[in-house]
Amino acid sequence: MYVAVKGGERAIAHAHAWLAEIRRGDPAAPEVTLAQLMEQLGLAVDRVMAEGACADRELAALALKQARGDTTEAAFLLRAYRNTLPRFGAAEPVDTAAMRIERRISATFKDLPGGQVLGPTFDYTHRLLDFSLADPGPPPPPAPEAEPEGDATPRVTDVLAEEGLMAREPPGNEEPPDLTREGLRLPAGRALRLQALARGDEGFLVALGYSTQRGYGNAHPFVGEIRVGEVAVEYIPPELGFAIDIGDLLLTECQMVNQFAGSASAPPQFTRGYGLVPGRNERKAMAMALVDRALRAEELGEEKTAPAQDAEFVLYHCDNVESTGFVEHLKLPHYVDFQSELEKLRSLRARWGQEGQ
Amino acid sequence: MTAAPTAAPTIADPAATPAPLAERRRWMAVLARAGAAELRAALAELDPTPGWLRLKGPEVGLIMLRGRMGGDGAPFNLMEATATRCTLRLDSGAMGHATILGRDPEKAELAALFDALLQDPARRPRLLESLIEPLARAQAAARQARARKAASTRVQFFTLAAMR
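Predicted, not measured: the structure shown is a model, and the values here were computed from it.

Rules of the game
Residues numbered from 1 in each chain as written. Chains lettered and ligands numbered in written order. Predicted model: local features only at pLDDT ≥ 70, side-chain atom pairs only at ≥ 80, totals over all residues. Heavy atoms only, no water. Helix = DSSP H or I, 4+ residues; strand = E, 2+ residues; numbered from the N terminus. Buried < 20%, exposed > 50% of the residue type's maximum accessible area, 1.4 Å probe, protein only. Lys, Arg positive; Asp, Glu negative; His and termini not counted. Salt bridge = Lys/Arg side-chain N within 4 Å of Asp/Glu carboxyl O. Contact = heavy atoms within 4.5 Å. Domains from an automatic or database assignment. Buried area = accessible area lost by both parts, 1.4 Å probe. Phe/Tyr/Trp six-rings, centres within 6.5 Å; stacked < 30°, edge-to-face > 60°. Core = buried A, V, L, I, M, F, W, Y, C linked by side-chain atoms within 4.5 Å. Axes fitted to C-alpha atoms, helices over the stretch in contact; angles between N-to-C directions. Parallel < 35°, antiparallel > 145°, perpendicular 65-115°, else oblique. Nonpolar A, V, L, I, M, F, W, Y, C, P; charged D, E, K, R; others polar. Pairing = 2+ DSSP bridges. Polar contact = N/O pair within 3.5 Å; in protein donor to acceptor, adjacent residues only side chain to side chain.

(A) Here's a closer look at the side chain of R199(A). All names here are of chain A. With respect to the helices and strands, R199 occurs in the loop between α8 (190-198) and α9 (202-213). Buried and without a salt bridge, R199 has D319 as its closest oppositely charged side chain, separated by 4.0 Å. The contact partners of R199, leaving out residues within four places of it in the chain, are A50, E51, A53, R79, L179, T180, K284 and D319.

This is the structure:
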């Protein structure tokens, strides 16, 4: 049997022309610029950078514009573009303890060195629609300033670790595995899991994190600390052989503190779940930290009972470019597959008719 | 350039860079945060305009960013970032290099050019004074402005002493 394998080119070209028209919308409304997206829809841009696994705000803004605001489609575009570029190498691990703090809060200690710094947060807003934003207006007055107190802002986890109450992270400088080169293999060590979670779908990770709070995984987490701010990125160019500072990167880091009952080799102490994401996105950083901690169940000898503790389930489903690819491929032609299903069903029905009635 | 008795110096060779490494690292960090327009303006100020040869780039690529588990543990790959690099040689022989975050070939080339020029002890004092220090001051002021805004959102708790 032969099926049509050609045709549709004209329809596709016309569909894309209409897409371009719809993307632009009513020409009477001004076209958005990348600068507007970066400045005024910056959190959407940050999300596209995280899920597109490529830190470049301008590219993420372009992807968002091209995708008509669809963050998953935009992440897909960014990943595809990323594949066209050569890899120079790897940067030195960022030092988040040296972050220039824009926001830093702890839910575990009220008074901590460096203090609670709220930063430009949605927290404590009343979540009432602000109709004054409906029409363009003059820019708001500059935010108030104060003299920085100049005290250091050590990590809360370091403060706890000094008292022996927080498990220290195993140190090391070995070359971490790279998801973009080797793909996902199980069992996945924590380094690979963190890379997968950092690019994972925010919605999926928030839902999984929530599930651990609701009893699927027996977690009792506290936000030890969330910090947002810029860190300097250092890189050793092979041409030079010494580390140079190549610019700043805005990051959000979350340290979740969880109880640990202790084992034969370790006393009862706190353990941490870790979240690190580009830009300002503490929802994603918190969800990442919750899921990171849940996935450490096996390593910590805890009972594995919940979806969030199942590395295979979490890691194979958290990448939205992969999941949307497989879900959306269902709309592509499956004519031959379906033809065989049809024939099978027809013969079953014929047999049922002969046997039954 | 005076003839070196040993092998041809490379830019990684500290002997070829009379400026202390810390000083070079500092101006490279300042150049990495400058705007292309600022560097273009600084080039226009130079008389005569130096000649240079591109040895590599400027080219755009990716650098894998890394974090540490729990902030202080073993490293993991976080995500890639776009970067631009350029290596060039002045007609006078000095080599310059730049690797900067982002996609900006013009800026990477200019940063590499000024890196090379700054290695010339004769040019360095003037370039530090006319280019690097003003850029460093502006960058520090922008950081300070953000630190001041952050400081004004620092919570001041009031504790009530219970009296008996």
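(B) Representation of the domain arrangement of chain A within the structure. All names here are of chain A. Each domain of chain A was delimited in the assignment, giving domain 1 (9-82) and domain 2 (96-119 + 150-170 + 178-324). Between domain 1 and domain 2, the C-alpha centre-to-centre distance is 29 Å. Taken over both partners, the interface formed by domain 1 and domain 2 buries close to 1200 Å², and the fraction arising from carbon and sulfur atoms is 56%. The interface formed by domain 1 and domain 2 contains three salt bridges. Residue R47 pairs with D201 through a salt bridge whose shortest N-O separation is 3.6 Å. For the side of domain 1 that touches domain 2, the secondary-structure elements that each account for two or more residues are α3 (42-52) and α5 (71-82).

(C) Up close: the packing of aromatic side chains. Inspection of every chain in the model, using the stated rule, returns two aromatic pairs over all chains. Here the aromatic rings of F204(A) and F313(A) are separated by 6.4 Å at their centres, their planes lie at 40 degrees, and the arrangement is tilted. One end of the pair, F204(A), is in helix α9; the other, F313(A), is in helix α11 (residues 311-317), and 109 residues separate them in sequence. For F313(A), a relative accessible area of 34% translates into the label partly exposed. Judged by centre distance (6.2 Å) and plane angle (80 degrees), the ring pair of Y274(A) and F76(B) falls under edge-to-face.

(D) Main features of the nonpolar core. One finds L31(B), L39(B) and F114(B) to be the most contacted residues of the largest nonpolar core, which totals 106 residues. In terms of residues, this core owes the most to one element, helix α3 (residues 105-118) of chain B, which gives nine residues. Each of two domains, domain 1 (9-82) and domain 2 (96-119 + 150-170 + 178-324) of chain A, supplies a minimum of three residues to this core. In contact with L31(B), other than residues within four places in its own chain, are L39(B), K107(B), A111(B), F114(B), D115(B), L118(B), L131(B) and I132(B). Core analysis: the next-biggest nonpolar cluster, separate from the first, contains six residues, V156(A), A161(A), M166(A) and V257(A) among them.

(E) Structural detail: the pattern of salt bridges. All names here are of chain A. Enumeration according to the criterion identifies 49 salt bridges over all chains in this entry. Note that D178 and R87 form a salt bridge whose closest N and O atoms lie 3.0 Å from each other. With D178 in the loop between α6 (156-162) and α7 (179-182) and R87 in strand β2 (residues 87-93), this pair connects stretches of sequence that are 91 residues apart. Take R87: its relative accessible area is 23%, and that puts it in the partly exposed class. Across the pair E282 and R103 runs a salt bridge, and its minimum N-O distance is 2.8 Å.

(F) Structural detail: the packing of α3(B) against helix α4 (residues 124-152) of chain B. Residue and element names in this part refer to chain B. One can describe the packing of α3 onto α4 by two numbers: an axis separation of 9 Å at closest approach and a directional angle of 140 degrees. Taken as axis vectors, α3 and α4 run oblique relative to one another. Packed against α3, whose contacting residues are F114, L117 and L118, the element α4 presents R124, L127, L128, L131 and I132 at the interface. A per-class count over the contact of α3 with α4 returns seven nonpolar, no polar and one charged.

(G) Region of the structure containing unusual backbone geometry. Following L186(A), the chain continues to P187(A) via a peptide bond in cis, the omega torsion being 0 degrees. As for its position among the elements, P187(A) is in the loop between α7 and α8. Between G57(B) and the following residue, P58(B), the backbone shows a cis peptide bond with an omega angle of 5 degrees. By secondary structure assignment, the location of P58(B) is in strand β1 (residues 52-68). Its identity is not glycine, yet Y124(A) carries a phi of approximately 70 degrees, on the positive side. Positionally, Y124(A) belongs in the loop between β3 (100-105) and α6. Its identity as a non-glycine residue notwithstanding, R127(A) has a phi of 55 degrees, on the positive side. Looking at where R127(A) falls in the secondary structure, it is placed in the loop between β3 and α6.

(H) How the structure looks around the sheet that holds β3(A). Spatially, β3-β4-β5-β6 (chain A) is the arrangement adopted by the four strands of the open sheet, whose pairing is antiparallel. Taken across any chain shown, the strands that pair with only one partner, and hence form the sheet edges, are β3 and β6 (269-278) of chain A. Each strand axis lies, on average, 25 degrees off the axis of its neighbour in the sheet, ignoring direction. Each of β3, β4 (222-235) and β5 (244-260) of chain A touches α4(B); the most contacted strand, β3(A), lies at about 15 degrees to it.

(I) View of the side chain of Q309(A). For Q309(A), the position within the fold is in the loop between α10 (282-295) and α11. Within the structure, Q309(A) has its side chain in polar contact with the backbone oxygen of G217(A) (distance 3.5 Å).

(J) Focus on the interface of chain A and chain B. Taken together, the contact between chain A and chain B spans 83 residues of the former and 59 residues of the latter. Taken together, both faces of the contact between chain A and chain B bury some 6200 Å²; the carbon and sulfur share is 57%. Three residues stand out in chain A for area buried against chain B, namely F88(A), E239(A) and I246(A), and they jointly supply 12% of the buried area on that side. Our count for the contact surface shared by chain A and chain B stands at 16 salt bridges. Taking the shortest distance from any N to any O, the salt bridge between E80(B) and R82(A) comes out at 2.2 Å. One can count 38 residue pairs in polar contact (both at pLDDT 80 or more) joining chain A with chain B. In terms of residues, the side of chain A that touches chain B owes the most to one element, β5(A), which gives 10 residues. A per-class count over the side of chain A that touches chain B returns 43 nonpolar, 12 polar and 28 charged.

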